[in-house]
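Residue-level structure breakdown
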Amino acid sequence: MLRELQEIREQARIMAGKYDLRFYTRYSREYDYSREVFFSHPLIHRLREDVVPFLNDEFGHGIEHCKKVSIDAGALALIETRSWLDVKTSKRITLLAQMAGLLHDISRHESDHARKGAEFSRIILQHYPLSPEERDDLAFAVSNHEAFREVLEPAHQKQELLSDVLYDADKFRWGPDNFVTTLWEICSCEEWSLEDIIKRFPNGLLYIQEIQETFRTPTGRLYGPEFIQCGLEMGKFLYRSLKERYTEGLQQQTVTGSG
Ligand SMILES: [Fe+2]
Ligand SMILES: [Fe+2]
């Protein structure tokens, strides 16, 4: 990675660390419960081992992304189900939400990755202790997680809930996380130059802005836009930094060239 990009990425990491997002303070108990399940439940442990080979990348971003999605989806599931489901069922859906988080990007390097990931999920889960309905619900959630696509029709309320919490937890990552990891992973994959990144930045920010209208759960609609606003603030700052560095680089080249 270019030295300039490494510096900007470090700026992004420091900036992201300063945000105190309300979702995590308001729902710290649910988040902590979900986190504990993620690191202690045998089914999650087993699934983590099964998906790691398909998520691994040069920087470990794929694994880190899915871990965050899983824990947030689990917390959202707990929050969204407690008013209409008994505790046991609510906890089961929390577990399924985490499984959906681990599985959702399993085919991320393929086109139509949500649909292919759903098919692949069924293969991975074939010997897991799940009911046929739970397998269907997980596959549905994975196939329905992509932004700006037609939202698929769920078969029942629990299926819809699982799909919605996965979607929202995944789109929370379009906030600060986008500038700490996702963007740099794309830059590295696509081998974009500094100039390429600067050219694409304004459209990228517009794209991110539009996601805040798409959150699906009541909690996501309430707290999701804050993630996106923080991401946009970071994005605008980093864009200015990139342009300054690029202009400085050009000026230095001109001076060297004329000397
Ligand atoms: Fe995805
Ligand atoms: Fe994702």
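Above this text you will find the structure in question.
The structure contained in this document is the topic of the report that follows. (Residues numbered from 1 in each chain as written. Chains lettered and ligands numbered in written order. Predicted model: local features only at pLDDT ≥ 70, side-chain atom pairs only at ≥ 80, totals over all residues. Heavy atoms only, no water.)

**Some words on the nonpolar core**
Judged by nonpolar contacts, the single largest core of 74 residues is most densely connected at F23, L47, M99, F179 and F201. No other element matches the nine residues that helix α12 (residues 218–258) contributes to this core. Not counting the four nearest positions on each side in its chain, M99 is found in contact with L43, I44, L47, L125, Y128, L130 and L138. (Core = buried A, V, L, I, M, F, W, Y, C linked by side-chain atoms within 4.5 Å. Buried < 20%, exposed > 50% of the residue type's maximum accessible area, 1.4 Å probe, protein only. Helix = DSSP H or I, 4+ residues; strand = E, 2+ residues; numbered from the N terminus. Contact = heavy atoms within 4.5 Å.)

**Here's the deal with the coordination of the iron ion (ligand 1)**
Here the iron ion (ligand 1) is held by the protein donor atoms D105 (OD), H113 (NE2) and H145 (NE2), which lie 2.1 to 2.2 Å from it. Mapping the donors of the iron ion (ligand 1) onto the primary sequence yields the spacing D-x7-H-x31-H. The distance between the iron ion (ligand 1) and the iron ion (ligand 2) is 3.7 Å, with D105 acting as a donor to both metals. (Donors = N, O, S within 2.8 Å, 3.2 Å for Na, K, Ca; no water.)

**With respect to unusual backbone geometry**
One non-glycine residue, D112, lies in the positive phi region at around 55°. Tracing the backbone shows D112 in the loop between α6 (87–103) and α7 (113–124). Judged by its relative accessible area of 31%, D112 falls in the partly exposed class. Not every positive phi belongs to a glycine, and F148 is a case in point at roughly 60°. With respect to the element layout, F148 can be found in the loop between α8 (132–143) and α9 (157–172).

**Here we look at the coordination of the iron ion (ligand 2)**
H65 (NE2), H104 (NE2), D105 (OD) and D170 (OD) make up the full set of protein donors to the iron ion (ligand 2), lying at 2.2 to 2.3 Å. What the four donor atoms of the iron ion (ligand 2) show is an angle range of 82 to 169° at the metal, which sorts the shape as irregular. Every donor residue of the iron ion (ligand 2) comes from the same chain, spaced as H-x38-H-D-x64-D. H65 gets classed as buried once you look at its relative accessible area, which sits at 18%. (Tetrahedral: all angles 85-135°; square planar, octahedral: opposite > 155°, others 65-115°.)

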